[in-house]
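Structural features, examined
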Amino acid sequence: MKYTRVSVGGRAVWGRLGEEDIELLSESPLEPSLGGEPTVIGTVPRATATWLPVVVPPVFYAVGMNYRRHIEHAAKLGNPAAVIPDHPEVGYRANNALTGHRSPIVKPAGVQGRFEAEPELVAVIGRTLRHATYEEARKSVFGWTIGNDVSARTWQHQDRTFWRSKNSDTFKPMGPWIETDVDALAQTTTLRVNGEVRASFPTGDMVFDPFDYIVEITKHITMHPGDVLWMGAESTCQIEAGDTVDVEITGIGVLSNPVHPEGKHA
């Protein structure tokens, strides 16, 4: 099943994908009231839908340096943190950075140097968890979506934290939907810029998988329905204003976003 969120009359509405239409739902499938199921309250055509981020998570977890090739590349660039981790560690991102499928990534006027995209698998949590076992962690994932982790590298190296380099508005496209019926770790992730393949790798070729991270997080922090966990990327790619960036994960879909310079209206 594929679930998404779209804007209808300026209001965010959950939807379920059909062949050509999106069936609008009465409520979130993540937390249906009284254990019931959402009901269909209308439809909109997929072709003309205004796609929103599939969730706006209460907590936005993000993994870095979780693919060996990415770590090796960063080490060659002199990053002292680029070592193979011996246990899962997770960071945070700000949900203001989220934007939806087909919405623009805005490159700020002050960004110079490397402005990069990273194609990532995203787990959407569907249960409240604390001290989860590995099997409980597996069962806690409601479904999977796609993320594009955009970074302004000069800011990343200038600042003491990632506050603007990874968290600026529109730097985290996510969507286009949540797929609930896929073996996400058996897929292939591909990054294209203007239709040209810039990276492709086995999605599940991670140092630690999503469930390892959920187990580790819930040793200390309660996770809730609607939280998301971004799983890192094997490769990065330079992007520029005027580009169109597509992230495809087989079995899930394609997340597509144009890149606009700051000041251009969508």
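Residues numbered from 1 in each chain as written. Predicted model: local features only at pLDDT ≥ 70, side-chain atom pairs only at ≥ 80, totals over all residues. Heavy atoms only, no water.

**Details of the overall build of the protein**
The helix and strand tally for the protein stands at four helices and 19 strands. Overall, the protein is about 55 × 45 × 30 Å in size when its C-alpha atoms are taken along their principal axes. In the protein, buried positions account for 52% of the 266 residues. A separation of at least 24 residues holds for 72% of the contacts in the protein among residues at least 6 apart in sequence. Accessible surface computed for the protein: about 12,200 Å², of which carbon and sulfur atoms make up 49%. Distance between charge centres in the protein, computed from 25 positive and 33 negative side chains, equals 4 Å. (Helix = DSSP H or I, 4+ residues; strand = E, 2+ residues; numbered from the N terminus. Buried < 20%, exposed > 50% of the residue type's maximum accessible area, 1.4 Å probe, protein only. Contact = heavy atoms within 4.5 Å. Areas by Shrake-Rupley, 256 points an atom, 1.4 Å probe, with all protein chains shown as cover. Lys, Arg positive; Asp, Glu negative; His and termini not counted. Charge placed at Lys NZ, Arg CZ, Asp CG, Glu CD.)

**Brief notes about the sheet that holds strand β12 (residues 151-152)**
With antiparallel pairing, three strands are arranged side by side in an open sheet as β12-β9-β17. Only two strands of the sheet have a single partner each, and these edge strands are β12 and β17 (237-238). Here strand β9 (residues 115-117) runs beside β12; their pairing, made up of two bridges, is antiparallel. Bridging across to β12, E116 finds its partner in S151. (Pairing = 2+ DSSP bridges.)

**A closer look at the environment of D212**
On the secondary structure map, D212 appears in helix α4 (residues 210-217). Residue classification places D212 among the partly exposed residues on the basis of a relative accessible area of 24%. A C-alpha to C-alpha distance of 24 Å links D212 and V247, two positions 35 residues apart in sequence. The residues touching D212, leaving out its near neighbours within four places in the chain, are P88 and Y134.

**Section: the nonpolar core**
The biggest cluster of nonpolar side chains holds 59 residues, and the ones touching the most others in it are F115, L121, W144, I214, L229, I239 and I252. Ranked by the residues each element gives to this core, the list is headed by α4, at five residues. If sequence neighbours within four positions are ignored, I239 has contacts with F115, E116, A117, V150, V193, V245 and V259. With 15 residues, the next largest nonpolar core counts W14, V55, F60 and L98 among its residues. (Core = buried A, V, L, I, M, F, W, Y, C linked by side-chain atoms within 4.5 Å.)

**Some thoughts on helix α1 (residues 68-76)**
The complete set of buried residues in α1 reads H70, I71 and A74. An end-on view of α1 places all buried positions within 100° of arc, on one side of the element. Along α1, exposed side chains directed more than 90 degrees from the buried face belong to R69 and K76. Two residues or fewer after α1 comes G78, characterised by a positive phi angle close to 90°. (Arc of directions from axis to C-beta.)

**A look at the UniProt feature "domain: Fumarylacetoacetase-like C-terminal" (unreviewed entry) in the protein**
UniProt tags residues 61-259 as "domain: Fumarylacetoacetase-like C-terminal" (unreviewed entry). Helix makes up 15% of residues 61-259 and strand 34%, whereas the separation of the span's terminal C-alpha atoms amounts to 24 Å. (UniProt positions renumbered as here; feature names shortened; annotations may be inferred.)

**Quick word on the packing of aromatic side chains**
Applying the stated criterion to the full structure yields nine aromatic pairs. On the basis of an interplanar angle of 40° and a centroid distance of 5.7 Å, the ring pair of Y3 and F142 is categorised as tilted. Of this pair, Y3 sits in strand β1 (residues 2-8) while F142 is found in strand β11 (residues 141-148), placing the two residues 139 residues apart along the sequence. Relative accessible area serves as the criterion here: at 21%, F142 is assigned to the partly exposed category. On the basis of an interplanar angle of 40° and a centroid distance of 5.2 Å, the ring pair of F60 and W230 is categorised as tilted. Of this pair, F60 sits in strand β5 (residues 60-62) while W230 is found in strand β16 (residues 228-230), placing the two residues 170 residues apart along the sequence. Each member of the pair, F60 together with W230, is buried. (Phe/Tyr/Trp six-rings, centres within 6.5 Å; stacked < 30°, edge-to-face > 60°.)

**Considering the sheet that holds strand β19 (residues 253-261)**
One open sheet holds the five strands; their spatial order is β8-β19-β18-β14-β15, and the pairing between them is mixed. Edge positions in the sheet fall to β8 (105-107) and β15 (196-202), since each of these pairs with one other strand and no more. On average, adjacent strands in this sheet sit at an angle of 20° to one another, irrespective of strand direction. With three bridges connecting them, β8 and β19 associate as parallel partners. The residue bridging K107 from the neighbouring strand is P261, located in β19. (Axes fitted to C-alpha atoms, helices over the stretch in contact; angles between N-to-C directions.)

**So, the environment of S165**
Within the element layout of this structure, S165 appears in the loop between α3 (153-158) and β13 (172-179). Beyond its immediate sequence surroundings of up to four residues, S165 is in contact with V150, S151, A152, W155, Q156 and F171.

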